[in-house]
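Descriptive structure summary
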Amino acid sequence: MTPRQRRGGGRRAQRNEAARLTEQLLAEGFNKKQVAEILGRNASLVSQFFTKNKGASMVEALRAVVQEVQAGGPRDIESLKRLARGHVRPRLTKGGEVARVRRRNAVRSTRTVTDERGRRRKEWTSSLARAGKQHIAAGASRLYPIIEEAAENDGKIAFTVRALRSMFTHDAGRLADSPGVRRNVVQRRDGTEERAYGANVGGPGSGEQGFDAVAFKAMVDAAGGDVTAAVKGWLVDTGRMHPEAEIVYLEIRAWKENV
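Our subject in this report is the structure included herewith.

The rules we used
- Sequence positions are assigned chain by chain, starting from 1 and proceeding in written order.
- Residues qualify for local features only when their pLDDT is at least 70, as the model is predicted, and side-chain atom pairs are given and counted only at 80 or more; totals for whole chains, interfaces and linings, by contrast, use all residues.
- Side-chain numbers come from the whole structure's heavy atoms, not from hydrogens or water.
- Helical segments are the DSSP runs of H or I of at least four residues, strand segments are the runs of E of at least two, and each set is numbered from the N terminus.
- To sort residues, take the accessible area from a 1.4 Å probe on protein chains only and compare it with the maximum for the residue type: under 20% means buried, over 50% means exposed, and anything in between is partly exposed.
- Whether two residues touch is decided by their heavy atoms; if any such pair falls within 4.5 Å, the residues are in contact.
- The accessible surface values rely on the Shrake-Rupley method and a 1.4 Å probe; as for residues, cover is taken only from the protein chains in view.
- Ring pairs are drawn from Phe, Tyr and Trp, using the six-membered ring of Trp, whenever the two centres fall within 6.5 Å, and their geometry is named by plane angle: stacked under 30 degrees, edge-to-face over 60, tilted for the rest.
- For a lysine, the NZ atom is tested; for an arginine, the CZ atom; a charge sits over a ring if that atom is within 6 Å of the ring centre and within 35 degrees of the ring normal.
- What qualifies as a polar contact is a pair of N or O atoms within 3.5 Å, subject to a donor-acceptor requirement within protein and to the restriction that residues adjacent in sequence count only when both atoms come from side chains.
- Angles here are taken between N-to-C directions and fall from 0 to 180 degrees, while the axes themselves are lines fitted to C-alpha atoms, restricted in helices to the stretch in contact.
- Orientation labels follow simple angle bins: below 35 degrees gives roughly parallel, above 145 gives roughly antiparallel, 65 to 115 gives roughly perpendicular, and whatever is left gives oblique.
- In this classification, the charged set is Asp, Glu, Lys and Arg, the nonpolar set is Ala, Val, Leu, Ile, Met, Phe, Trp, Tyr, Cys and Pro, and all remaining amino acids, among them Gly, are polar.
- Just to be clear on terms, a salt bridge is a Lys or Arg side-chain nitrogen sitting within 4 Å of an Asp or Glu carboxyl oxygen.
- We call a set of buried Ala, Val, Leu, Ile, Met, Phe, Trp, Tyr and Cys residues a nonpolar core when their side-chain atoms join them within 4.5 Å.

Check the secondary structure of the protein chain and you find ten helices and seven strands. Within the span of the protein chain, comprising 259 residues, buried residues form 37% of the whole. Sequence separation of at least 24 residues holds for 60% of the intrachain contacts in the protein chain that already meet a minimum separation of 6. Summed over all atoms, the accessible surface of the protein chain reaches about 15500 Å², with 47% contributed by carbon and sulfur.

The structure is reproduced here in structure tokens:
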């Protein structure tokens with residue numbers, strides 16, 4: 001009778017290079033969390049080397065670390081992180097271009113405060129939400145709660161838009177366009193640019209940070225709750241964008257100033 005194959009044996013034989021190199025580091029006394037830290041990633045990704053055949057972009061870094069450790073070099077995490085950093089390759093799309101890093105579409109932060117009765121409670125401090133081209137076409141409704149909560153808390157608003165470079169009326173970084181906001185405008189291969197507005201709405205040296213969230217919400221409400229239309233309307237009305245422009249990415253940032 002054919003001997004029963006040991007459980008897991010087939011999977012081990014099929015493990016990719018990232019998993020194989022990680023196993024060598026585990027054999028040297030490191031754990032998956034430490035391997036992830038060396039690579040500048042989280043432990044869940046390292047686990048996916050074994051379960052989902054991921055990690056191709058980490059192979060060169062893992063190989064360099066394994067060679068360093070097996071050769072008797074430094075074993076401290078910081079030294080190995082510096083070594084790995086120079087070998088990590090960015091993830092590529094099927095077309096061979098660098099893939100965009102996936103980010104959470106919404107983030108909300110709070111802090112714990114004590115009220116006048118001595119009770120501990122959570123207080124909103126900041127939020128961020130993003131919408132891509134498909135969602136923008138429907139009015140970017142996922143961004144509205146961010147604006148609404150900021151208005152309820154007398155907060156501030158700033159935003160980033162992406163559109164074709166030719167659709168902005170000012171050259172990138174001009175004070176007339178975006179005073180005090182990210183002079184390093186993000187330019188992309190597809191001819192679009194990302195520009196941020198709201199970090200210094202009063203001009204250089206004014207110290208006036210962010211748009212008033214109550215006024216910003218009123219502007220959005222006047223556009224029927226369509227965040228995209230409201231933002232584009234402001235850009236067009238203030239002479240920053242051509243009316244025929246199409247916004248393909250929109251990010252809203254909201255915060256409550258410390259008092």
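From this point, things continue past the structure.
Moving on: the packing of aromatic side chains. Going through the model one piece at a time under the given rule, you end up with seven aromatic pairs. Plain terms: the ring middles of F159 and W234 are 5.8 Å apart, the flat faces sit at 90° to each other, and that makes the pair edge-to-face. Of the two residues, F159 is situated in strand β3 (residues 156-164) and W234 in helix α10 (residues 227-237); the sequence distance between them amounts to 75 residues. Taking the relative accessible area as the measure of exposure, F159 reaches 1% and is therefore buried. Seen from their ring centres, Y197 and W234 are 5.9 Å apart, and the 70° between their planes marks the pair as edge-to-face. Of this pair, Y197 sits in strand β5 (residues 192-197) while W234 sits in helix α10, and the two are 37 residues apart along the sequence. You'll find Y197 and W234 in the same group, each marked buried. In textbook terms, an aromatic cluster arises when at least three aromatic residues are bridged by ring pairs, as seen for F159, Y197, F211, F216 and W234. The ring of F50 has K32 sitting right over it, with the charged end atom 4.6 Å from the ring centre. Positioned above the aromatic ring of F168 is the side chain of R195, whose terminal nitrogen or guanidinium carbon lies 4.2 Å from the ring centre.

This paragraph deals with the side chain of T160. Structurally, the position occupied by T160 is in strand β3. Using a relative accessible area of 1% as the deciding quantity, one classes T160 as buried. Engagement of the side chain of T160 in a polar contact is seen with the side chain of R253, the distance being 2.8 Å.

Relative to each other, helix α3 (residues 32-39) and helix α6 (residues 77-85) sit at 50°, their axes nearing to 7 Å. On the basis of the axis angle, α3 is oblique to α6. Across the interface between the two elements, Q34, E37, I38 and L39 of α3 pack against I77, L80, K81 and A84 of α6. By residue class, the composition of the contact of α3 with α6 is five nonpolar, one polar and two charged.

All right, on to the pattern of salt bridges then. In this structure the tally under the stated criterion is eleven salt bridges. Each of E17, R20 and R63 takes part in a single network of salt bridges with overlapping partners.

This part covers the nonpolar core. Generally speaking, nonpolar side chains in soluble globular proteins are found buried as a group. Among the nonpolar cores identified, the biggest contains 33 residues, and F159 and V227 are the most heavily contacted of them. Contributing elements (two or more residues each) for this core: β2 (120-132), α8 (144-152), β3, α9 (213-222), α10 and β7 (249-255). Each residue touching F159, except ones within four places of it in the same chain, is listed here: R195, A196, Y197, F211, F216, V231, W234, L235, L250, E251, I252 and R253.

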